[in-house]
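# What the coordinates show
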Amino acid sequence: MNANRMGPDLSGKTAIVTGSTQGLGADIARGLVAAGASVMLVGRSREAGEALARELGERARFSATDIGHDDQIQDCIARTREAFGGLDILVNNACQYADQGLASSREQWHATLDTNLISAAMFTQFAAPVLPRGGVVINMGSTGGKFGAAGRAIYPASKAALLQITRNFAVELAPAGIRVLAVSPAWTWSPSVEGLAQGDRAVADAVGAHFHPLGRVGGGEEIAAVVCFACSPAASWMTGVDLPVDGGFSVLGPDQGISPRAWFARLAQDSR
């Protein structure tokens, strides 16, 4: 253990992080590199991927990979092993958000499920034979996959299914000594939330405070820290479970954690 490094030490480990050219994926890649791992950044934007690889230094490479194609997934795994000598960690982070709820087209269903769910399953299938005992697969879930919401269907369905295959694959890969875990954020400061808040973190925190008992949205570095923990020997007795990193979002019911007395008091005040 490096005495100068706080948190998990992943020195000597190699990770693939899909969808890591921006947002949460980039934050996870940064966290893994800071913990000592080597990382293959995976995405379709060569410009963004190569820029992040330069930022992260010699322990990062970029693979321009369309994860909707099995041959490209297999090539990415091969290039990762060639560049770094092996593969220890797979983080299935790539996703898309196209979702019109009940009005979603068949094409939207196929496209989103292919990215968010099927490609994660295929990446795991192709990575599993080369992962060593102690290898780890992390599936990035979401609070969106646990609760109902009007106007949404595909994204929540994909995340709920991802949580299920986490359980199934954990059981299937346990005899090989490979752990499979999910990490589920709630609202996180990311390109999507940043766009809604028009770049103002204080606005995002003010809105997020209604749904997160800790009173704000999360930071990508906070999600990355839990991913690093889940990949480390400190989590060696954990598999098949979801780690909620959500500021308390998942402990609230539809009453937002406010007692009936308080809701009636608000109604009385608003009617004055």
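To be clear, the structure that these remarks concern was listed above.
My aim in this report is to walk through the structure given alongside it, one point at a time. Worth saying up front: this structure is predicted, and the values here are computed from it rather than measured.

The next subject is the overall build of the chain. Helices and strands together make up the secondary structure of the chain, namely nine helices and seven strands. For 272 residues, the compact-globule formula gives about 19 Å, and the C-alpha radius of gyration of the chain, at 19 Å, lands near that figure. With respect to the principal axes defined by its C-alpha atoms, the chain has extents near 70 × 50 × 40 Å. Expressed as a percentage of its 272 residues, the buried residues of the chain come to 47%. Long-range contacts, defined as pairs at least 24 residues apart, comprise 68% of the intrachain contacts of the chain with a sequence gap of at least 6. In the structure as shown, the chain presents an accessible area of about 13,700 Å², 55% of it carried by carbon and sulfur atoms.

Before going further, it helps to spend a moment on the sheet that holds strand β1 (residues 14-18). Ordered in space as β3-β2-β1-β4-β5-β6-β7, the seven strands form an open sheet in which the pairing is parallel. For this open sheet the edge positions go to β3 (60-64) and β7 (242-245), each flanked by a neighbour on one side alone. Within this sheet the neighbouring strands show an average axis-to-axis angle of 20 degrees, counted without direction. Bridging between strand β5 (residues 136-140) and strand β6 (residues 179-185) involves five bridges; their strand directions are parallel. Residue pairing in the sheet places methionine 140 in a bridge with valine 183 of β6. Against the sheet, helix α2 (residues 46-56) engages β2 (38-43) and β3, with an angle of about 170 degrees to β3. The strands touched by helix α4 (residues 106-127) are β1, β4 (89-92) and β5; relative to β4, the strand with the most contacts, the crossing angle is about 170 degrees.

Time to look at the layout of surface pockets. When its volume is computed, the second largest pocket comes out at roughly 230 Å³. Lining the second largest pocket are 17 residues, with Gly134, Gly135, Val136, Gly177 and Arg179 positioned closest to its centre. By residue class, the composition of the lining of the second largest pocket is seven nonpolar, six polar and four charged.

A packed helix pair is summarised by two numbers, namely the angle formed by the two axes and the spacing between the axes. For the pair α4 and helix α5 (residues 154-173), interaxial distance at closest approach is 10 Å and the crossing angle is 15 degrees. Here α5 runs roughly parallel to α4, going by the angle between their axes. The handedness of the crossing between α4 and α5 is right-handed. Contacts from Gln108, Trp109, Thr112, Leu113, Asn116, Leu117, Ala120, Ala121 and Thr124 in α4 reach Ile154, Tyr155, Ala157, Ser158, Ala161, Leu162, Ile165, Phe169 and Leu173 in α5. Looking at the contact of α4 with α5, its residues break down into 13 nonpolar, five polar and no charged.

Right, let's talk about the environment of glycine 151 for a bit. With respect to the secondary-structure elements, glycine 151 resides in the loop between β5 and α5. Owing to a relative accessible area of 54%, glycine 151 belongs among the exposed residues under this scheme. Measuring from C-alpha to C-alpha, the distance between glycine 151 and leucine 102 comes to 6.9 Å, with 49 residues separating the pair along the chain. Excluding residues that lie within four positions of it along the chain, glycine 151 makes contacts with Asp99, Gln100 and Gly101.

A few words now on the environment of isoleucine 28. Within the fold, isoleucine 28 resides in helix α1 (residues 23-34). Along the backbone, isoleucine 28 and isoleucine 223 are 195 residues apart, and their C-alpha atoms lie at a distance of 7.3 Å. Dropping the residues within four chain positions of it, isoleucine 28 is found in contact with Val17, Val91, Asn93, Met140, Ala224 and Val227.

A few words on helix α7 (residues 201-208). All of the buried residues in α7 are Ala204, Asp205 and Gly208. For α7, the angular spread of the buried residues around the axis is 100 degrees, confining them to a single face. Looking at the buried residues of α7, the elements they touch are α6 (191-196). Capping the start of α7 is the job of one residue whose side-chain oxygen sits 2.9 Å from the backbone nitrogen of alanine 202: aspartate 200.

About the criteria used
Residues numbered from 1 in each chain as written. Predicted model: local features only at pLDDT ≥ 70, side-chain atom pairs only at ≥ 80, totals over all residues. Heavy atoms only, no water. Helix = DSSP H or I, 4+ residues; strand = E, 2+ residues; numbered from the N terminus. Rg over C-alpha atoms; globule rule 2.2 N^0.38 Å. Buried < 20%, exposed > 50% of the residue type's maximum accessible area, 1.4 Å probe, protein only. Contact = heavy atoms within 4.5 Å. Areas by Shrake-Rupley, 256 points an atom, 1.4 Å probe, with all protein chains shown as cover. Pairing = 2+ DSSP bridges. Axes fitted to C-alpha atoms, helices over the stretch in contact; angles between N-to-C directions. 1 Å grid on protein atoms, 1.4 Å probe; cavity = no way out; pocket = protein on both sides within 12 Å on 5 of 7 lines; lining within 4 Å. Points joined across faces, edges and corners; volume = space filled by probe spheres on them. Nonpolar A, V, L, I, M, F, W, Y, C, P; charged D, E, K, R; others polar. Parallel < 35°, antiparallel > 145°, perpendicular 65-115°, else oblique. Left-handed = near helix turned anticlockwise from the far one by under 90°. Arc of directions from axis to C-beta. Polar contact = N/O pair within 3.5 Å; in protein donor to acceptor, adjacent residues only side chain to side chain.

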